[in-house]
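A structural walkthrough
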Amino acid sequence: MEIRVGIGFDIHRLEEGRELVIGGVKIPYEKGWVAHSDGDIFFHALTDALLGAIGYGDIGQLFPDSDKKWEGADSSIFLKEAYRIVKEKGYSIVNIDGYIILQKPKLLYYRKKIIENTAKILDIDVSRIFIKGKTFEKIGEIGEGKAGMCEVVVLLRKGE
Ligand code: MG
């Protein structure tokens, strides 16, 4: 059996009047992501973690933000494509773990929905995915609610 680990990171600014989408779940809040796509930091970090684990490239290479095609794009498209490549290389997901730092709103109420939606997209059991919601203790710009960030680790396996 071969195992591979991948790590991904993402950050986006938050502004009023935009949508806040995390793990494909629309979260009601006065602010949302400033991004070329829908700005889903969890799916962006997870996409990078999957691609990084197999040394394939990164999200910016596969889906450049200079490409009009990805304007306002549903980020599950990026995640699905990264996972398709991972499976094509013969790997499957052992587990995904990550954290999201947002000063507001509290992520705890949406965590189950985010995990369930991600599990559905990847067609894996919910027990293989976990995320923690953290604040930045009001420190700096993330702490002032001007941005949100996410870091994700994924473990892949191949063979018995
Ligand atoms: Mg991003």
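Residues numbered from 1 in each chain as written. Predicted model: local features only at pLDDT ≥ 70, side-chain atom pairs only at ≥ 80, totals over all residues. Heavy atoms only, no water.

Secondary structure assignment for the chain yields five helices and seven strands. Traced from its N-terminal end to its C-terminal end, the chain shows the element sequence β-β-β-β-α-α-α-β-α-β-α-β. Over its C-alpha atoms the chain spans a radius of gyration of 15 Å, differing by no more than 12% from the 15 Å that the globule rule assigns to 160 residues. Along the first, second and third principal axes, the C-alpha atoms of the chain reach 45 × 35 × 25 Å. Looking at the 160 residues of the chain, the share that counts as buried comes to 46%. Taking as baseline every contact in the chain between residues at least 6 positions apart, the subset at least 24 positions apart corresponds to 73%. (Helix = DSSP H or I, 4+ residues; strand = E, 2+ residues; numbered from the N terminus. Rg over C-alpha atoms; globule rule 2.2 N^0.38 Å. Buried < 20%, exposed > 50% of the residue type's maximum accessible area, 1.4 Å probe, protein only. Contact = heavy atoms within 4.5 Å.)

Backbone torsion omega between lysine 104 and proline 105 reads -10°, so that peptide bond is classified as cis. Even without a glycine there, the phi angle at aspartate 123 is positive, about 55°. You will see that lysine 138, though not glycine, has its phi angle at about 60°, which is positive. Along the chain, lysine 138 turns up in the loop between strand S6 (129–134) and helix H5 (140–143). Among the residues examined, lysine 138 registers a relative accessible area of 67% and is labelled exposed.

Turning next to the packing of helix H1 (residues 41–53) against helix H4 (residues 108–122). It is at 12 Å that the axes of H1 and H4 come closest, and there the two elements cross at 45°. Here H1 is positioned oblique relative to H4, judged by the angle of their axes. Of the two elements, H1 crosses H4, and the hand of that crossing is right-handed. For the pair H1 and H4, contact is made by Phe42, Phe43 and Leu46 and by Ile114, Asn117, Thr118, Ile121 and Leu122, respectively. Residue composition of the contact of H1 with H4, by class: six nonpolar, two polar and no charged. (Axes fitted to C-alpha atoms, helices over the stretch in contact; angles between N-to-C directions. Parallel < 35°, antiparallel > 145°, perpendicular 65-115°, else oblique. Left-handed = near helix turned anticlockwise from the far one by under 90°. Nonpolar A, V, L, I, M, F, W, Y, C, P; charged D, E, K, R; others polar.)

Around the magnesium ion, the protein contributes the donor atoms Asp10 (OD), Asp10 (OD), His12 (NE2) and His44 (ND1), which lie 2.2 to 2.8 Å from the metal centre. For the magnesium ion, all donor residues lie on one chain, and their spacing in sequence is D-x1-H-x31-H. Taken together, the residues span a long stretch of sequence, with aspartate 10 in strand S1 (residues 2–16) and histidine 44 in helix H1 at a distance of 34 residues. Accessibility assignment for this pair places aspartate 10 and histidine 44 in one class, buried. (Donors = N, O, S within 2.8 Å, 3.2 Å for Na, K, Ca; no water.)

What the rule picks out here adds up to four aromatic pairs. Centre to centre, the rings of phenylalanine 63 and tryptophan 70 are 5.2 Å apart; their planes meet at 90°, and the pair counts as edge-to-face. Exposure remark for phenylalanine 63: the relative accessible area of 10% places this residue in the buried category. Overall, the relative accessible area of 13% leaves tryptophan 70 in the buried class. Geometrically, the ring pair formed by tryptophan 70 and phenylalanine 78 is edge-to-face, given 5.4 Å between the ring centres and 80° between the ring planes. Here the aromatic residues Phe63, Trp70 and Phe78 are joined through ring pairs into a cluster of three or more. (Phe/Tyr/Trp six-rings, centres within 6.5 Å; stacked < 30°, edge-to-face > 60°.)

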